[in-house]
Protein chains: 2
Amino acid sequence: MSKIISLSEIKKILDTCSDSSLIQLIENGFVSYSNGEVLVAPVGHLPFTNPPGDLHIKYGYVKGKEYFVVKMASGFYENPSLGLSASNGLMLVFSQKTGELLSILLDEGHLTDIRTALAGAVVAKHLSPKNVSRIGIVGTGIQARLQLRYLKSVLNCRNVIVWGRSQEKMEAYASDSLLSDFNIATTRHIDELTATCNLIVTTTPSKNPLLLSSQVMEGTHITAVGADTPGKVEVDPALFERADIVVADSITQCIDHGDCASAIAAGTLDAKNIIELGTFITSGKKRSDDSSITIADLTGVAVQDINIAELVYGRAAGLT
Amino acid sequence: MSKIISLSEIKKILDTCSDSSLIQLIENGFVSYSNGEVLVAPVGHLPFTNPPGDLHIKYGYVKGKEYFVVKMASGFYENPSLGLSASNGLMLVFSQKTGELLSILLDEGHLTDIRTALAGAVVAKHLSPKNVSRIGIVGTGIQARLQLRYLKSVLNCRNVIVWGRSQEKMEAYASDSLLSDFNIATTRHIDELTATCNLIVTTTPSKNPLLLSSQVMEGTHITAVGADTPGKVEVDPALFERADIVVADSITQCIDHGDCASAIAAGTLDAKNIIELGTFITSGKKRSDDSSITIADLTGVAVQDINIAELVYGRAAGLT
């Protein structure tokens, strides 16, 4: 019988892990991915129209290891009106030696949320300006919260401004106990955020650019997390022309969808100038100076799911 | 909490269903698929090399219905040496309205085996010669058994000859209690099978044609089930030039892999001459006469998984 691990068990296991160990786990994943040690299948996608929704399937394995992982994550955007979370999902851990199902992680999308936020912390660890004046968060949802929560471990800055369309949601964000270590202001004007922040994380499902090139200060780093399917875009394609370094979690995926894809389509980015995150980390390259603009485009790579699912399964099974 | 349904519960539920109702369930699926009522995503594939294996992910939904289904099926061909089944897998049933996981069917590949065999019965129902002299089965594995088991409901013929490479496996096949209604001869010479059989089902993972055009009699129908990934082929491409009717469960899939793909590559089949199974069924077309050669290429379509998973979940949840 396969081991079934509930969301509450998963949360308990994650609570026993330090932030820095989780960030390192995801960092290691990006490095092994860019080193060609990971077999990642093309992302599977199933769209729904009535009601609107999406299912993504990400799967793969680190070659020569024990497991392979299949992750399903759904977004049904009208769920909140039914009192349900928009995001949902589960992860399956199988044996790479026999194909047997070893474990079902009923994480309801939580591990996807966590590993996505951890990728933002990995990026900030390697691409953040030395002195972050203020952190700008675009969006007020769960990912906007988790991104900030994990930035705590890699940045000293505790001053934050959050942009959203709803005053109520921004206030809920600012008073979230998860973020109580931060001093959080709110704004409905994105230029108020861009004028004071040199580290910006975008986390929305926007279909139009929110962050205009004309607004972004020199010396700013942007992590763009929201655009995970074709048609979504958060960062003005024109900003890519000003960028010194453009990093993508997966070049293959980011030239297919994500903000890089929009910039390539607009002619403001040449795909050959994108550096893959794992390659960037091992290269030892740094932001050249405080006037650099850098952009990291994160679309989510199966290796993040593989590594976090292995961790949770290993702990639950008493293997690690 | 999602409903978890074990293999033994699944088998009990299937036992309460008549063969004809199961065959009709899969037939209805092919018709709705060819009518454009089903959204089927491209098949996901993850290959393994050490040890060799495959994972296939099939998923989709019938538009406007309650559920969507994700099916994972693995084949790890060295498993039998470990005392494990080569095939394995599970199916997941989700709500099409909210994305919530409703049920996990721990079928270990059994439902895939069953729905694949049921497709063979659907084909025989519509394409079998009026008088079947003898049924030829190529292969001795689980699919070779289940194909014959479900042919019982749609054919009167009880005379069978099975071809295999191992005398031991052929004898195990011939004495399987599942097939006790049949009179089963064995042979290691495929021409002994082709000389007496006008209904042949091929069920092997062969990478070279087993059934040569020069051997096949006029008036024969062939159902080719084995070639489910690129590189596999059971039917001589030359036979397609002699065929009056070529049916595919999914034209998209069969021109990508399967025996049709091999014939197209060999120049012996024009893709536009393939009729999709669901279209063939509703067209009311018949084999033209007893001298026809007809071929059905089955690669397995997600709608089969969707329909059988819905049935099992509905029964288990007391919904139907």
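Just above sits the structure.
Residues numbered from 1 in each chain as written. Chains lettered and ligands numbered in written order. Predicted model: local features only at pLDDT ≥ 70, side-chain atom pairs only at ≥ 80, totals over all residues. Heavy atoms only, no water.

Another point: the interface of chain A and chain B. In this assembly, 37 residues from chain A lie in contact with 38 residues from chain B. Counting the surface lost from both chain A and chain B, the interface buries some 3000 Å², and carbon and sulfur atoms represent 75% of this. For the chain A face of the interface with chain B, the top three residues by lost area are L46(A), Y59(A) and T98(A), together amounting to 16%. Connecting chain A to chain B are zero salt bridges. Taken together, the connections running from chain A to chain B amount to six residue pairs in polar contact (both at pLDDT 80 or more). Put simply, the parts of the chain that give the side of chain A that touches chain B at least two residues each are strand 3 (44-49), strand 4 (52-62), strand 5 (67-76), strand 6 (87-95) and strand 7 (101-105) of chain A. Each residue belonging to the side of chain A that touches chain B can be placed in one class, and the counts come to 24 nonpolar, 11 polar and two charged. (Contact = heavy atoms within 4.5 Å. Buried area = accessible area lost by both parts, 1.4 Å probe. Salt bridge = Lys/Arg side-chain N within 4 Å of Asp/Glu carboxyl O. Polar contact = N/O pair within 3.5 Å; in protein donor to acceptor, adjacent residues only side chain to side chain. Helix = DSSP H or I, 4+ residues; strand = E, 2+ residues; numbered from the N terminus. Nonpolar A, V, L, I, M, F, W, Y, C, P; charged D, E, K, R; others polar.)

All names here are of chain A. Inspection of the entire model under this criterion finds 16 salt bridges over all chains. R149 is paired through a salt bridge with D19; the nearest N and O atoms lie 2.8 Å apart. Taken together, the positions of R149 in helix 4 (residues 142-151) and D19 in helix 2 (residues 19-34) put the pair 130 residues apart, joining distant regions of the chain. The class of R149 is buried, set by a relative accessible area of 18%. Between E27 and K125 there is a salt bridge, with the nearest N and O atoms lying 2.8 Å from each other. Of the two residues, E27 is situated in helix 2 and K125 in helix 3 (residues 110-127); the sequence distance between them amounts to 98 residues. Owing to a relative accessible area of 39%, K125 belongs among the partly exposed residues under this scheme. Bridged by salt links that share partners, the residues K71, R115 and D305 form one connected network. (Buried < 20%, exposed > 50% of the residue type's maximum accessible area, 1.4 Å probe, protein only.)

All right, on to the sheet that holds strand 14 (residues 274-276) of chain A then. Residue and element names in this part refer to chain A. Strand order in the open sheet formed by eight strands is 10-9-8-11-12-15-13-14, with parallel pairing between adjacent strands. The open sheet has two free edges, formed respectively by strand 10 (183-187) and strand 14, since each of these has just one partner strand. For this sheet, the mean inter-axis angle between neighbouring strands, taken without regard to orientation, is 20°. Along the sheet, helix 5 (residues 167-174) contacts strand 8 (135-138), strand 9 (159-163) and strand 10; its crossing angle with strand 10, the most-contacted strand, is approximately 175°. (Pairing = 2+ DSSP bridges. Axes fitted to C-alpha atoms, helices over the stretch in contact; angles between N-to-C directions.)

This paragraph deals with the relation of the copies chain A and chain B. Overlaying chain A with chain B gives an RMSD of 0.0 Å, the required rotation being 180° about an axis along which the chain moves by 0.0 Å. The two molecules are tied by a two-fold rotation axis, judged by turn and shift. Within chain A, G44(A) has its C-alpha nearest the rotation axis, a separation of 3.4 Å. Interface overlap between copies is the fraction of interface residues in one copy that are interface residues in the other; for chain A against chain B it reaches 100%, indicating a shared surface. (Least-squares fit on C-alpha atoms with pLDDT ≥ 70 in both.)

When a strand is regular, its side chains alternate between the sheet's two faces. Residues and elements named next belong to chain A. Buried residues dominate strand 6, accounting for eight of its nine residues. Sheet topology note: the strand 5/strand 6 ladder contains nine bridges and is antiparallel. Bridging from a neighbouring strand, M72 pairs with L90 of strand 6. Bridge analysis of strand 6 against strand 7 gives four bridges, and the strand direction is antiparallel. The residue bridging V93 from the neighbouring strand is S103, located in strand 7. Between the antiparallel neighbours strand 6 and strand 7 lie five residues, among them G99 with a positive phi of about 80°.

Turning our attention to the packing of aromatic side chains. One pass over the full model with this rule turns up 10 aromatic pairs over all chains. With centroids separated by 4.7 Å and ring planes inclined at 5°, the aromatic side chains of F68(A) and F94(A) adopt a geometry described as stacked. One end of the pair, F68(A), is in strand 5; the other, F94(A), is in strand 6, and 26 residues separate them in sequence. Take F68(A) and F94(A): they sit in the same class, and that class is buried. Taking 4.7 Å as the distance between ring centres and 45° as the angle between the ring planes, the aromatic pair formed by F68(A) and F48(B) counts as tilted. Taken together, the residues F68(A) in strand 5 and F48(B) in strand 3 (residues 44-49) connect one chain to another. (Phe/Tyr/Trp six-rings, centres within 6.5 Å; stacked < 30°, edge-to-face > 60°.)

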